[in-house]
Amino acid sequence: MTTTCGCTEQQGLSRRGFLRGALAGAAALAGGSLLQLGDAQVALAEPGYAGDALVVVSLRGGFDGLSAVVPAGDPAYAAARPDIAVPASRLLQLDGMFGLHPALAPLLPLWQAGTFGAVHAVGQASPTRSHFSAMEELERAAPTSSLRTGWIDRMVGAGGSTSTFAGVQLGSGTATQALSGPVPTLALGRLSSVDLPGSWDADERARWRTALTALHATGPAAVTVPAREAVAAVATAVGLPAAAPATAYPEGAFGDALKDVARLVKGGVGVRVAAVDLGDWDMHEGLGTTEWGRMQRQLGVLARGLAAFAADLGDALATTSVVTLSEFGRRVEQNGSGGLDHGHGNAVLLLGGGVVGGRVHGTWPGLSASALVDGDLAGTTDYRQLLAELLEVRCGVPTGSVFPGLGAGRLGIARAR
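Conventions used here
Throughout this description, residue numbers start from 1 for each chain and increase along the sequence as written. This being a predicted model, a pLDDT of at least 70 is required before a residue's local features are given, and a value of 80 or more before pairs of side-chain atoms are given or counted; all residues contribute to the totals for chains, interfaces and linings. The basis for every side-chain value is the complete set of non-hydrogen atoms in the structure, without hydrogens or water. We call two strands paired when DSSP finds no fewer than two bridges between them. Starting at the N terminus, helices and strands are each numbered in turn, a helix being any DSSP run of H or I of at least four residues and a strand any DSSP run of E of at least two. Salt bridges, as used here, are contacts in which a Lys or Arg side-chain nitrogen is within 4 Å of a carboxyl oxygen on Asp or Glu. Here the term buried applies to any residue with accessible area under 20% of the maximum for its type, exposed to any over 50%, and partly exposed to those in between, with areas from a 1.4 Å probe on protein chains only. Under this scheme, a helix contributes an axis fitted over its contacting stretch, all axes are lines through C-alpha atoms, and angles between N-to-C directions fall in the 0 to 180 degree range. Our angle categories are set so that under 35 degrees counts as roughly parallel, over 145 as roughly antiparallel, 65 to 115 as roughly perpendicular, and the remainder as oblique. For any pair of crossing helices, the crossing counts as left-handed if the nearer helix is rotated counterclockwise from the farther one by less than a right angle, and right-handed if it is rotated clockwise. By the convention used here, residues are in contact when the closest approach between their heavy atoms is within 4.5 Å. As a working rule, the residues Ala, Val, Leu, Ile, Met, Phe, Trp, Tyr, Cys and Pro are called nonpolar, Asp, Glu, Lys and Arg charged, and the rest polar, with Gly in that last group.

**With respect to the sheet that holds strand β5 (residues 99–100)**
Taken in spatial order, the three strands of this open sheet run β3-β5-β4, and their pairing is antiparallel. The open sheet terminates on both sides in strands that have one partner only, identified here as β3 (69–70) and β4 (92–93). In this sheet, β5 lies alongside β3 in antiparallel orientation, the contact comprising two bridges. Bridge pairing in β5 links Val70 to Gly99.

So, in structure tokens, the structure goes:
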């Protein structure tokens, strides 16, 4: 006879929840910080997954795409930003309209090689100037439905995954909305610090593994299965080859997270999707110029990180796709503090062996007063179209359930595998 517990907490226990709790407890026992170790979230694929590893770089805070992929050929750009516009003489010219901010110079060779590109005037279906609401909707990616799950969770689920390890997080220990849902995820933080509690050497690790495996040999499957899989996941992480990047990453959490993602990809553990954060883009003041200020500094971190990631991956770049996302762009006109307030349309950056790089995709609406939407760059491309194309063409994942209600239009940003 099966006895069902009436406790609501017990009924709500998911494998992911158990896994996170088990490892958090292990960290507490060890006095360490097993879960709070980095800025990446990673979903590991099922055995047999043959698609690209998709890396989502979240530029939290409201990235100003007009400062990164500069529409210098539009006369309204410089007029709207008399103090902070990137001078045409400093641009890395891309075509007759656009140029890259000089801080993105580390990415120029990838642009010329056709593995780095951009999409401009990208937006959400229902724009808002609220950071919280915009990011929540960005990561839910289902504006016409009542779904509360995240699009990454649905993506992993759409691939038929049933494993606890289909979703793994390296980072803050708190899964973002994009990974929210029934597909199990595991928070790992920095790979270098992932281990079982008290495992100061290989012998102790083996004892802990034997003990935990025996402890969970019998019992309710909702408890024992994720526990055993947690032990196996730690063994996988510990067994990865040591990192030996070919190019130095920028110091800090962003570079560390990308380094760990590269280590997982090259380690052949079947990364399906990894999410990495780079924040501090909310530049209402002190945005600066090409010589000083927050924008040139943050763009430099972004560019050096992505360039190092591409170099570190080597041949694995051919089967890796990177896409940047931000909750919204900034207003076209600078404010009185030398900064930019919350806007809408934005630029998305693409990197990978299968992306159609070396060009700016999308429909440019222009920056004339009549083309703006409440003072903002219009969003002529729904960001979900870009994600859907990458999933369909590079990852082999059907997107009907991932992005419900999304039309069939695609931009041609990805090459067929």
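**Digging into the pattern of salt bridges**
All chains considered together, the criterion is met by 17 salt bridges. Residues Glu204 and Arg207 are paired through a salt bridge, measuring 2.6 Å at the closest nitrogen-oxygen approach. Of this pair, Glu204 and Arg207 both sit in helix α8 (residues 202–215), three residues apart, which is roughly one turn of that helix. Accessibility expressed as a relative area gives 17% for Glu204, which makes it buried. Each of the salt bridges in this network shares a partner with another, and the network as a whole consists of Arg129, Arg331, Asp374 and Asp376.

**Some thoughts on the pairing of strand β2 (residues 53–58)**
As a general feature of sheets, a regular strand has side chains that alternate between the two faces. The element β2 is extensively covered by neighbouring structure, given that six of its six residues are classed as buried. Burial along β2 is two-sided: Ala53, Val55 and Val57 facing one way and Leu54, Val56 and Ser58 facing the other are all buried. Bridging between β2 and strand β10 (residues 320–325) involves six bridges; their strand directions are parallel. Bridging across to β10, Val57 finds its partner in Thr324. Looking at chain direction, β2 and strand β9 (residues 271–277) are connected through five bridges and run parallel. Looking at the pairing, Leu54 lines up with Val273 of β9.

**Observations regarding the packing of α8 against helix α9 (residues 221–238)**
Interhelical geometry of α8 versus α9 gives an angle of 160 degrees and a closest axis separation of 10 Å. For the element pair α8 / α9, the angle class is roughly antiparallel. At the point where α8 passes α9, the crossing takes the left-handed sense. On α9, the residues touching Arg205, Arg209, Leu212 and Thr213 of α8 are Val231, Ala235 and Val238. For the contact of α8 with α9, a count of residues per class yields four nonpolar, one polar and two charged.

**Regarding helix α6 (residues 131–140)**
At 3.6 residues per turn, the α-helix brings residues three or four places apart onto the same side. Residues of α6 that are buried: Ala134, Met135, Leu138, Glu139 and Arg140. On its buried face, α6 sits against β2, α7 (151–158), β10 and α12 (383–395). Just downstream of α6 lies Ala141, where phi reads positive at about 60 degrees.

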